[in-house]
Amino acid sequence: MRVYLVQHAEAKSEEEDPERRITEKGRKETEKVAEFLKKAGVKVDVIFHSTKTRVKQTAQIFSEYLGAKVEEKDYLEPLADPKIWAERIREEKRNVMIVGHLPHLSKLLKELVGCEVIKFRYSGVLCLEREEETLKVLWYVTPDII
């Protein structure tokens, strides 16, 4: 079982766009990463995301490339309690991708592996793999390194 944690794509400022849709740069970077994951054979069963437009758009791009269904879920907002999703992930049997926000993703990572070992970046994907009863960092990819 693998868990993929993804920070949403770069979004427009609230002044520029009150819905904070992703920028063209954000779309291109996300497509670049999603295409890379597809070519690498990454398999995702479901993509969970928050209610925010920028996160929905990011999740949809990954869904198009990876063929995973997309589900909007609660408690994925920037300031949500990460313990809720840490518990859900521990019970999960499928390969899941969570597209979310900071600081929630950093706090969730700390709940899952004991520390914040990654500096998240827009459209970056962190892969955690279950090894017996624990999750361990397998890899991290960003648009910059592809």
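You'll find the structure just up there.
Please read all numbers here as calculations on a predicted model, not as lab measurements.

Caption draft 1: The sheet that holds strand β3 (residues 69-72), seen in detail. Pairing is mixed in the open sheet, where six strands are placed in the order β3-β2-β4-β1-β5-β6. Sheet topology places β3 and β6 (134-141) at the edges, where each strand pairs with a single neighbour. Ignoring strand direction, the axes of neighbouring strands in this sheet form an average angle of 25 degrees. Across the sheet, helix α1 (residues 24-39) lies against β4 (96-100), β5 (125-131) and β6, angled at about 115 degrees from β6, the strand it touches most.

Caption draft 2: Fine view of the packing of helix α3 (residues 82-91) against helix α4 (residues 104-113). Relative orientation of the contacting elements α3 and α4 amounts to 50 degrees, with a least axis distance of 9 Å. Here α3 lies oblique to α4, going by the angle between them. Crossing hand, α3 versus α4: right-handed. From α3, Pro82, Lys83, Trp85, Ala86, Ile89 and Arg90 reach across to α4, where they touch His104, Lys107, Leu108, Glu111 and Leu112. Grouping the constituent residues of the contact of α3 with α4 by class yields six nonpolar, one polar and four charged.

Caption draft 3: Region of the structure containing the state of the cysteines. Inspection of the entire model under this criterion finds zero disulfides. Here Cys115 is not cross-linked by a disulfide; its sulfur's nearest cysteine counterpart is in Cys127, at 16 Å.

Caption draft 4: Main features of the side chain of Ser50. Structurally, Ser50 is set in the loop between β2 (46-49) and α2 (53-66). Relative accessible area serves as the criterion here: at 0%, Ser50 is assigned to the buried category. Side-chain polar atoms of Ser50 contact the backbone nitrogen of Lys52, separated by 3.3 Å. A distance of 2.8 Å separates a polar atom in the side chain of Ser50 from a polar atom in the side chain of His101. If near-sequence neighbours (up to four positions away) are discounted, Ser50 is found in contact with Val55, Lys56, Glu72, Lys73, Leu76, Glu77, Val99 and His101.

Caption draft 5: Main features of α4. Among the residues of α4, those classed as buried are His104, Leu105, Ser106, Leu108, Leu109 and Leu112. Tucked into the core, α4 has its buried residues touching β1 (2-7), α3, β4, β5 and β6. Directly beyond the C-terminal end of α4, a positive phi value near 100 degrees is found at Gly114.

Caption draft 6: Spotlight on the packing of α1 against α2. The interhelical angle for the contact between α1 and α2, taken along N-to-C directions, is 30 degrees, at an axis separation of 9 Å. When the interaxial angle is binned, α1 and α2 end up roughly parallel. As for how α1 packs across α2, the hand of that crossing is right-handed. When α1 is examined against α2, the residues Arg27, Thr30, Glu31, Val33, Ala34, Glu35, Leu37 and Lys38 are found in contact with a partner set consisting of Gln57, Thr58, Ile61, Phe62, Tyr65 and Leu66. Residue classes in the contact of α1 with α2 are distributed as seven nonpolar, three polar and four charged.

Reading the values: the criteria
- All residue numbers refer to positions counted from 1 along the written sequence of the respective chain.
- Per-residue local features of the predicted model are confined to residues with pLDDT of at least 70, and side-chain atom pairs are confined, for both listing and counting, to 80 or more; whole-chain, interface and lining totals are unaffected and use all residues.
- Hydrogens and water are ignored here; the side-chain numbers use all heavy atoms of the structure.
- Two strands make a pair as long as DSSP finds a minimum of two bridges between them.
- Under the scheme used here, helices are H or I runs from DSSP no shorter than 4 residues and strands are E runs no shorter than 2 residues, and both carry numbers assigned from the N terminus.
- Axis definition: a line fitted to C-alpha atoms, over the contacting stretch in the case of helices. Angles run 0 to 180 degrees between N-to-C directions.
- Only heavy atoms matter for contacts: two residues are in contact if any of them lie within 4.5 Å across the pair.
- Angles are sorted into four bins: roughly parallel if under 35 degrees, roughly antiparallel if over 145, roughly perpendicular if 65 to 115, and oblique for all others.
- A crossing counts as left-handed when the near helix is turned anticlockwise from the far one by less than a right angle, and as right-handed when that turn is clockwise.
- For this classification, Asp, Glu, Lys and Arg are treated as charged, while Ala, Val, Leu, Ile, Met, Phe, Trp, Tyr, Cys and Pro are nonpolar and the rest, including Gly, are polar.
- A pair of cysteine sulfur atoms is labelled a disulfide when the two atoms are within 2.5 Å.
- Only protein chains enter the accessibility calculation, which uses a 1.4 Å probe. A residue is then buried if its area is under 20% of the maximum for its type, exposed if over 50%, and partly exposed in between.
- For the purposes of these results, a polar contact is taken to be a pair of N or O atoms within 3.5 Å, where, inside protein, one atom must be able to donate a hydrogen and its partner to accept one; residues adjacent in sequence count only when each atom of the pair is a side-chain atom.

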